[in-house]
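If you want the building blocks of each chain, they are given just below.
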Amino acid sequence: MLARKSIIPEEYVLARIAAENLRKPRIRDRPRKARFIAKNGACNLAHKNIREQGRFLQDIFTTLVDLKWRHTLVIFTMSFLCSWLLFAMMWWLVAFAHGDMDPSTESATNSTKWTPCVTCVRSFTSAFLFSIEVQVTIGFGGRMMTEECPLAITVLILQNIVGLIINAVMLGCIFMKTAQAHRRAETLIFSRQAVIAVRNGKLCFMFRVGDLRKSMIISASVRIQVVRKTTTPEGEVIPIHQVDIPVDNPIESNNIFLVAPLIICHVIDKRSPLYDISATDLALQDLELIVILEGVVETTGITTQARTSYIAEEILWGHRFVPIVTEEEGVYAVDYSKFGNTVKVAAPRCSARELDEKPSILIQTLQKSELSHQNSLRKRNSMRRNNSIRRSNSMRRTNPSLIVPKVQFITPEGSQSASET
């Protein structure tokens, strides 16, 4: 508006806008990396262009278990309806071939000169009802089979066998869906963030895992894998290169007793893929650490597996998890509200390789941390002292009763001297 009114020249305005744009740092959003394993443990992988679809039908039971609940219920309902309709058609054909559908046979049946294959089956509706009664073993007493037709006996045996197979498959499928192992994994929780800090003089990668249920996970073990995109010396690009990294566990069997939340530690040594990564390099790394917890459910005996992952943005350098297990009245209490809380601690910003080559870096870092801690304590004490002095002075000013009165002393010579006590 000012440039249009010729108060400020237009060339000056354009130059100023350009200078302001140059001063402002341009922050480009980093493209979001696709996770191989989501935080809830789901595998972020899409299968495309599968030509041999018939392989799924060869393992029909696993296919039914892997389906969604709405698809499973539709298949469960349709399997019984189709079997009832199929055998209803067979019973209707048996009755039609034997002549039970002829109206003239009704009077013969009443005179005990005619014996039908199935009594009271004179339409497709009655045949359908009889099929349901046979397969679900519900007998109302109105319709029953006689020994007149051997073919009807064969159909009865065949329907019973097919009905038992359908019941076994579908009920087993529904039971497996309700008792799947990943349902138990919903109560196994991991910390949202991982940390890197010094433990026992070594840089360690740590995260916390816990179990919300009182029923324990037997023979629980933790594995950590690093997934990253690598290129071989021959030029081959491996988009998902998996590397196992060891877990620091003093128990030789590598099993953990998950009765309370535990901090799982990985020592960053020469075998670790994080050995050459410093604090500044961590944000630029395109890697993902996958955590896998496996164990046997105590109540069902089914093996379960819980998974999560941590990318570079979810790893805090120089932090440590706060303690959440306390002893209260002879009982160990766990405060899950602090499950993922961390506190900042002193940690060198260099890589583990540099720390091994120059151990003095750790000593200097700890000394600086101790000095800063002492200085903060001194400042805090001095501030408290000054505040207490100011408070006492303000109380004296506001309350006259606290002011000490003047006392006069008379000497033998008769001179008077005033002093304050």
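In the annotation of an unreviewed UniProt entry, the entry for the protein chain reads KCNJ8 protein, and the organism field reads Lophotis ruficrista. Per UniProt, the protein chain has the following entry under Subcellular location (unreviewed entry): "Membrane". Under the UniProt heading Sequence similarities (unreviewed entry), the note attached to the protein chain is "Belongs to the inward rectifier-type potassium channel (TC 1.A.2.1) family."

Q: Mind showing me how you'd approach the overall build of the protein chain here?
A: Looking only at helices and strands, the protein chain has 11 helices and 15 strands in total. Buried positions account for 29% of the 421 residues belonging to the protein chain. Nonlocal contacts in the protein chain, meaning residues at least 24 apart in sequence, comprise 62% of its contacts between residues at least 6 apart. Accessible surface computed for the protein chain: about 28700 Å², of which carbon and sulfur atoms make up 58%.

Q: I tried to follow the pattern of salt bridges on my own but got confused; where do I start?
A: Two side chains carrying opposite charge are able to pair once their charged atoms lie near each other. Overall, the coordinates contain 6 salt bridges when judged by the stated rule. Residue Lys 202 pairs with Asp 356 through a salt bridge whose shortest N-O separation is 3.6 Å. Of this pair, Lys 202 sits in strand β3 (residues 202-211) while Asp 356 sits in helix α10 (residues 352-357), and the two are 154 residues apart along the sequence. On the accessibility criterion, Lys 202 (38% relative accessible area) is partly exposed. The salt bridge partner of Arg 353 is Asp 276, with a shortest N-O separation of 2.4 Å. Residue Arg 353 is located in helix α10, and its partner Asp 276 is located in the loop between β6 (262-267) and α9 (279-282); the two are separated by 77 residues in the primary sequence. When its relative accessible area of 37% is taken as the criterion, Arg 353 is described as partly exposed.

Q: Whenever I open this one, a nonpolar patch on the surface confuses me. Can you help?
A: Residues Leu 57, Ile 60, Phe 61, Ile 153, Ile 157, Ile 161, Ile 165, Val 169, Phe 175 and Met 176 make up a contiguous nonpolar surface patch of about 910 Å² in total accessible area. Among the elements of the structure, α3 (60-66) and α7 (150-178) are those that each provide at least two residues to the nonpolar patch. When residues of the nonpolar patch are assigned to their parent elements, the largest contribution, 7 residues, is made by α7. When you line up the elements, Leu 57 lands in helix α2 (residues 54-58). For Leu 57, a relative accessible area of 62% corresponds to the exposed category.

Q: I tried to follow the packing of helix α4 (residues 69-98) against helix α6 (residues 124-135) on my own but got confused; where do I start?
A: The packing of two helices is summarised by the inter-axis angle and the distance between the axes. Relative to each other, α4 and α6 sit at 120°, their axes nearing to 8 Å. Between α4 and α6, the crossing angle belongs to the class labelled oblique. Where α4 crosses over α6, the two elements pack in a sense that is right-handed. Judged by residue contacts, Phe 80, Ser 83, Trp 84, Leu 85, Phe 87, Ala 88, Met 89, Trp 91 and Trp 92 of α4 engage Phe 124, Ala 127, Phe 128, Phe 130, Ser 131, Ile 132 and Gln 135 from α6. Among the residues forming the contact of α4 with α6, the class breakdown is 13 nonpolar, 3 polar and no charged.

Q: In this structure, what is going on with the UniProt feature "transmembrane region" (unreviewed entry) in the protein chain? I would like to understand it.
A: Mapped onto this structure's residue numbering, the UniProt feature "transmembrane region" (unreviewed entry) falls at residues 73-94 and 151-175. Between the C-alpha atoms that bound residues 73-94 the distance is 32 Å, and the span itself is 100% helix and 0% strand. Along residues 151-175, the helical share is 100% and the strand share 0%, with 36 Å between the first and last C-alpha atoms.

Q: What am I meant to see in the packing of α6 against α7 here?
A: Remark: α6 packs on α7, axes separated minimally by 9 Å, with the N-to-C direction vectors making an angle of 60°. Relative to α7, α6 is oriented oblique. With respect to the hand of their crossing, α6 and α7 are arranged in right-handed fashion. Of the residues in α7, those touching α6 at Ser 131, Val 134 and Gln 135 are Leu 156, Gln 159, Asn 160, Gly 163 and Ile 166.

Q: Would you mind going over α6 with me for this structure?
A: One turn of an α-helix holds 3.6 residues; hence residues three or four places apart share an orientation. Relative to the 16 Å expected for 12 residues at 1.5 Å per residue, α6 spans 16 Å between its end C-alpha atoms, a close match to the ideal helical length. The elements touched by buried residues of α6 are α4 and α7. One or two residues past the end of α6 sits Thr 137, with phi positive at roughly 55°.

Q: Whenever I open this one, the sheet that holds strand β4 (residues 217-231) confuses me. Can you help?
A: Hydrogen bonds between backbone groups are what pair the strands of a sheet, and the pairing can be parallel or antiparallel. Taking strand neighbours across the sheet as the criterion, the 4 strands line up as β5-β4-β7-β8 in an open arrangement whose pairing is antiparallel. Across the chains shown, the open sheet's two edge strands, defined by having one partner strand only, are β5 (237-245) and β8 (303-311). Across the sheet, the mean angle from the axis of one strand to that of its neighbour is 25°, orientation sign disregarded. Direction of pairing for β4 relative to strand β7 (residues 287-297): antiparallel, over a ladder of 10 bridges. Looking across to β7, one finds that Arg 223 is bridged to Ile 292.

Calculation rules
- Residues numbered from 1 in each chain as written.
- Predicted model: local features only at pLDDT ≥ 70, side-chain atom pairs only at ≥ 80, totals over all residues.
- Heavy atoms only, no water.
- UniProt positions renumbered as here; feature names shortened; annotations may be inferred.
- Helix = DSSP H or I, 4+ residues; strand = E, 2+ residues; numbered from the N terminus.
- Buried < 20%, exposed > 50% of the residue type's maximum accessible area, 1.4 Å probe, protein only.
- Contact = heavy atoms within 4.5 Å.
- Areas by Shrake-Rupley, 256 points an atom, 1.4 Å probe, with all protein chains shown as cover.
- Salt bridge = Lys/Arg side-chain N within 4 Å of Asp/Glu carboxyl O.
- Patch = residues over 30% accessible without salt bridge, like charges linked within 9 Å, V, L, I, M, F, W, Y side chains within 5 Å.
- Axes fitted to C-alpha atoms, helices over the stretch in contact; angles between N-to-C directions.
- Parallel < 35°, antiparallel > 145°, perpendicular 65-115°, else oblique.
- Left-handed = near helix turned anticlockwise from the far one by under 90°.
- Nonpolar A, V, L, I, M, F, W, Y, C, P; charged D, E, K, R; others polar.
- Expected span 1.5 Å × (residues − 1).
- Pairing = 2+ DSSP bridges.

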